[in-house]
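The primary structure of each chain is shown beneath.
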Amino acid sequence: MSNQPAPVPTPSTVLGAGVLVTLEGAIAVGAAIVLTVRGLLGHDQSVVSGYGTAAWFAILGGAVLAAGIGLLRGQRWGRTIALVAQLLLLPVAWYVLSSHQVFWGVLLGLVVISALVMLFAPGTSRWMAVGYGAPDAPSDDESAS
């Protein structure tokens, strides 16, 4: 017999957030690849260091990609990285929006807010609590009585 709690199914909110976070991470890693290829092909790097920016995108994007995959696989550690990434992307969405790139700003904002809503959803919070040994939280029907 093990002291491990019985496996709890991963809520759809976690899986949905995992899809969005995985997409964000994949886009960042893709940007790192594009910047590296541009640098290798000799594009002008006098304004911005393509290699430095590529490294930044590869490191952070790789972590976000890993977090998204972790959430899709039901790993609780992915939630923390995903939450931090979303909180850091909120001001980025505002910056893009205020830079007259309305479409991209709104798109990023919707993705970030959707992910945050799913990561803070009651089902996600209960799933996290059970994973750390907390007893099952009462359902909404039981707490209303």
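None of these values were measured; they are calculated from a predicted model. (Residues numbered from 1 in each chain as written. Predicted model: local features only at pLDDT ≥ 70, side-chain atom pairs only at ≥ 80, totals over all residues. Heavy atoms only, no water.)

**Q** Would you mind showing me how to read the overall build of the chain here?
**A** Across its full length, the chain holds six helices and zero strands. Taken from the N to the C terminus, the helices and strands of the chain come in the order α-α-α-α-α-α. By residue count, 29% of the 145 residues in the chain fall in the buried class. Put simply, of all contacts in the chain between residues at least 6 apart along the chain, 68% involve residues at least 24 apart. Counting every atom, the chain has about 9200 Å² of accessible surface; 71% of that belongs to carbon and sulfur. (Helix = DSSP H or I, 4+ residues; strand = E, 2+ residues; numbered from the N terminus. Buried < 20%, exposed > 50% of the residue type's maximum accessible area, 1.4 Å probe, protein only. Contact = heavy atoms within 4.5 Å. Areas by Shrake-Rupley, 256 points an atom, 1.4 Å probe, with all protein chains shown as cover.)

**Q** Help me out: how do you make sense of helix H1 (residues 12-40) in this one?
**A** Given 3.6 residues per helical turn, the α-helix brings residues three or four places apart onto the same face. Between its first and last C-alpha atoms H1 spans 42 Å; for 29 residues at 1.5 Å apiece the expected length is 42 Å, and the two agree. Of the residues making up H1, those classed as buried are Val14, Gly16, Ala17, Gly18, Leu20, Val21, Thr22, Glu24, Gly25, Ala28, Ala32 and Gly39. Directly after H1, the chain includes glycine 42, whose backbone phi takes a positive value near 85°. (Expected span 1.5 Å × (residues − 1).)

**Q** Would you explain the nonpolar core in this entry?
**A** Nonpolar side chains in soluble globular proteins generally cluster together in the buried interior. With 14 residues, the main nonpolar core has Val21, Leu71, Ala82 and Leu119 as its most contacted residues. Mapped by element, the contributors of at least two residues to this core are H1, helix H2 (50-72), helix H3 (77-98), helix H4 (102-119) and helix H5 (122-131). Those residues in contact with valine 21, other than ones at most four positions away along the chain, are Val64, Ala67, Gly68, Ala82 and Gln86. (Core = buried A, V, L, I, M, F, W, Y, C linked by side-chain atoms within 4.5 Å.)

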